[in-house]
Amino acid sequence: MSVLHAMTRRKPVDQIDDESESSGLSRTLGLWQLTAIGVGGIIGAGIFSLAGAVANKTAGPAVLLSFLIAGVASAAAAFSYAEFAGLIPRAGSAYTYGYAVLGEFAGWAIGWDLLLEYTAIVAVVAIGISGYFNDLLGFMHVDLPLWMMGAPGTEPEGVAAGSYKVNLFAALLCLLIAWVLNLGMKNAARFETALVYLKVGIVLLVIVVGVFKINTGNYSPFFPFGVGGAVTGAATVFFAVFGYDAMSTAAEESKDARRHMPKAIIYSLAISMVLYVLACLVLTGMVDYRDIDPNAAFSSAFQSVGLNTVGIVIAVGAILGVLTVLFTFMMGAARVWFSMSRDGLLPMWFAKTHPTRKVPTRITWILGAGSALIAGFLPIAEAAELTNIGILLAFIVVCVAVVVLRYKRPDLPREFRTPGMPVVPIIGVVFSFWLITFLQWQTWLRFAAWFLLGTLVYFAYSHRHSLLGRGAGKSE
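Report on the accompanying structure.

So, how was this worked out
Residues numbered from 1 in each chain as written. Predicted model: local features only at pLDDT ≥ 70, side-chain atom pairs only at ≥ 80, totals over all residues. Heavy atoms only, no water. Helix = DSSP H or I, 4+ residues; strand = E, 2+ residues; numbered from the N terminus. Rg over C-alpha atoms; globule rule 2.2 N^0.38 Å. Buried < 20%, exposed > 50% of the residue type's maximum accessible area, 1.4 Å probe, protein only. Areas by Shrake-Rupley, 256 points an atom, 1.4 Å probe, with all protein chains shown as cover. Lys, Arg positive; Asp, Glu negative; His and termini not counted. Charge placed at Lys NZ, Arg CZ, Asp CG, Glu CD. Polar contact = N/O pair within 3.5 Å; in protein donor to acceptor, adjacent residues only side chain to side chain. Contact = heavy atoms within 4.5 Å. Salt bridge = Lys/Arg side-chain N within 4 Å of Asp/Glu carboxyl O. Core = buried A, V, L, I, M, F, W, Y, C linked by side-chain atoms within 4.5 Å. Axes fitted to C-alpha atoms, helices over the stretch in contact; angles between N-to-C directions. Parallel < 35°, antiparallel > 145°, perpendicular 65-115°, else oblique. Left-handed = near helix turned anticlockwise from the far one by under 90°. Nonpolar A, V, L, I, M, F, W, Y, C, P; charged D, E, K, R; others polar. Phe/Tyr/Trp six-rings, centres within 6.5 Å; stacked < 30°, edge-to-face > 60°.

This brings us to the overall build of the chain. The secondary structure content of the chain amounts to 20 helices and zero strands. On C-alpha atoms alone, the chain measures out to a radius of gyration of 22 Å, which is about the 23 Å that the 2.2 N^0.38 rule sets for 476 residues. Along the first, second and third principal axes, the C-alpha atoms of the chain reach 70 × 50 × 40 Å. In the chain, buried positions account for 59% of the 476 residues. Counting only carbon and sulfur atoms, one obtains 67% of the accessible surface of the chain, whose full area is about 18,000 Å². Seen as two clouds, the 31 positive and the 27 negative side-chain charges of the chain have centres 8 Å apart.

Here Glu83 lies in helix α5 (residues 63-87). Among the polar contacts listed, one links the side chain of Glu83 to the backbone nitrogen of Thr418, at a separation of 2.7 Å. In this view, Glu83 contacts Val402, Arg406, Arg414, Phe416, Arg417, Thr418 and Met421; residues no more than four positions away in its chain are not counted.

What follows is about the side chain of Thr35. Position of Thr35 relative to the elements: it lies in helix α3 (residues 31-42). The residues touching Thr35, leaving out its near neighbours within four places in the chain, are Ala264, Tyr267, Ser268 and Ile271.

A few words on the pattern of salt bridges. Counted according to the given criterion, the structure contains nine salt bridges. Between Arg414 and Glu83 there is a salt bridge whose closest N-O contact spans 2.9 Å. Placement of Arg414 in the loop between α18 (388-408) and α19 (423-436) and of Glu83 in helix α5 is noted, with a sequence separation of 331 residues between them. Considered together, Arg414 and Glu83 belong to a single accessibility category, that of buried residues. The partner of Arg290 in a salt bridge is Asp288, and the shortest N-O contact between them spans 2.9 Å. For Asp288, a relative accessible area of 17% translates into the label buried.

Residues Phe67, Tyr81, Phe84, Tyr118, Phe238, Tyr244 and Leu326 are the most contacted members of the largest nonpolar core, which totals 151 residues. Here the element with the most residues in this core is helix α7 (residues 104-139); it accounts for 15 residues. Excluding residues within four positions of it along the chain, Tyr81 makes contact with Ser93, Ala94, Tyr97, Tyr244, Asp245, Ser248, Ile265, Ala394, Phe395 and Val398.

In the contact formed by helix α9 (residues 185-210) and helix α14 (residues 308-321), the axes pass within 9 Å of each other and the chain directions differ by 150 degrees. Considering their axes alone, α9 and α14 lie roughly antiparallel with respect to each other. Here the hand of the crossing between α9 and α14 comes out left-handed. Where α9 approaches α14, its residues Leu195, Leu198, Lys199, Ile202, Leu205 and Val206 are matched on the opposing element by Val310, Val313, Ile314, Gly317, Leu320 and Gly321. Across the contact of α9 with α14, the residue classes tally to nine nonpolar, two polar and one charged.

So, about the packing of aromatic side chains. Considering all chains together, one arrives at 26 aromatic pairs under this definition. Considering the side-chain rings of Tyr81 and Phe395, the 5.7 Å spacing of their centres and the 75 degrees angle between planes classify their relative orientation as edge-to-face. Here Tyr81, found in helix α5, pairs with Phe395, found in helix α18; they are 314 residues apart in sequence, far enough to count as distant. A residue is classified by how much of its surface remains accessible, and Tyr81, at 0% relative accessible area, is buried.

The subject of this paragraph is unusual backbone geometry. Here Ser220 and Pro221 are connected by a cis peptide whose omega angle stands at 0 degrees. As for its position among the elements, Pro221 is in the loop between α9 and α10 (226-237). Residue Met421 is joined to Pro422 through a cis peptide bond whose omega torsion reads 0 degrees. Take Pro422: it is sitting in the loop between α18 and α19.

Following both chains from N to C, one finds α5 and helix α6 (residues 94-101) inclined at 75 degrees, their axes separated by 11 Å at the closest point. Classified by the angle between their axes, α5 and α6 sit roughly perpendicular to one another. Residues Tyr81, Phe84 and Ala85 of α5 lie in contact with α6, whose contacting residues are Ala94, Tyr97 and Val101. Class assignment for the residues of the contact of α5 with α6 results in six nonpolar, no polar and no charged.

Written out as structure tokens, the structure is:
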């Protein structure tokens, strides 16, 4: 078989259900547990810190339009994910969809990329939570040894260079989430759902209490940075309105994936967008955009109007609530890796699941250790640069693939159909390409290095060990 044929062979959609039934994963997740995982992945640092930073520096009160623009663009991709989730209810998300429609190498490339992106997101969020934690300890006048307060080279002004050795709290958080995921999906989902309820409760507290402290004069001027500021802000907050893509990797752990996954994707994005917009209205109404603290927007806003206790509650809730983002994306990385290993593109040893807990424990602990190393020893800016491009490329792949499959296999039964075909997926593609233009050249360099490594792995190992190539399944 030629290498070109190997790169373009596709896994038939018709085979996927049969493989899923013998995956070794346990189907325990219902509709609202899936929705909670999606909300947990979407609502995180975006609402607790990013909204304030964009309002303060980029968009002013028009930050709510930034979220609406980003939400519309994200919805274009979400509809495409929803159609695939109902059609191909299999772990792997964009990797699996790309493999089935665009071919093995396209699927491999996006799966390989998502492994790095999702792991980096876990590390970035862990570093962000550690910042909240350190601030909270400072408020309580608790002093920790400097060596464990941050990554080397991240010492703030007034702290001697070389004092920081490791961000211990961030590293331990990554290992904690790996441990929770290895308890089994049923128990892990209960933990995730409880934290999501807490997080949504905190956001509702912000909205209900804050609405009585709104000064409508703070909404003027609504566009202090011009309409362009709101559009530029959309490029920034876009990275706060995905998460359903990682949730879709749990398809084989859903009780009724064909019906529940599309609904969970749409529900989670809709719930999150309503909360984002209402919270932005309250924030920019309570405080003049120039006075918003970009690092702890909501807690400082309530303290500025004399509600110190509410501010502390929000700070604590932010720490606990953002843990759900770690959960969603580490789970997503583990399921992508599991799916690639099960297909033979990575060693089958990784696809081994726990005999009773029915989760890929080997993969999860490796991801926990990898994200802990990134979180412990890299500054947040360097870790964050690893997170952007892969998600956007995944969106492009899924939006293109849903159009291709709709016209190549219109006969396939679809529980959900992307509306406005092909215009809506094209909007997702165009917006993703536009956002990619905002990325710095260093991001492209890191992506190119990771992609080159992945290409070497594919040609040295994957295309020869692929189950399709070894005759374990029929290819198209």
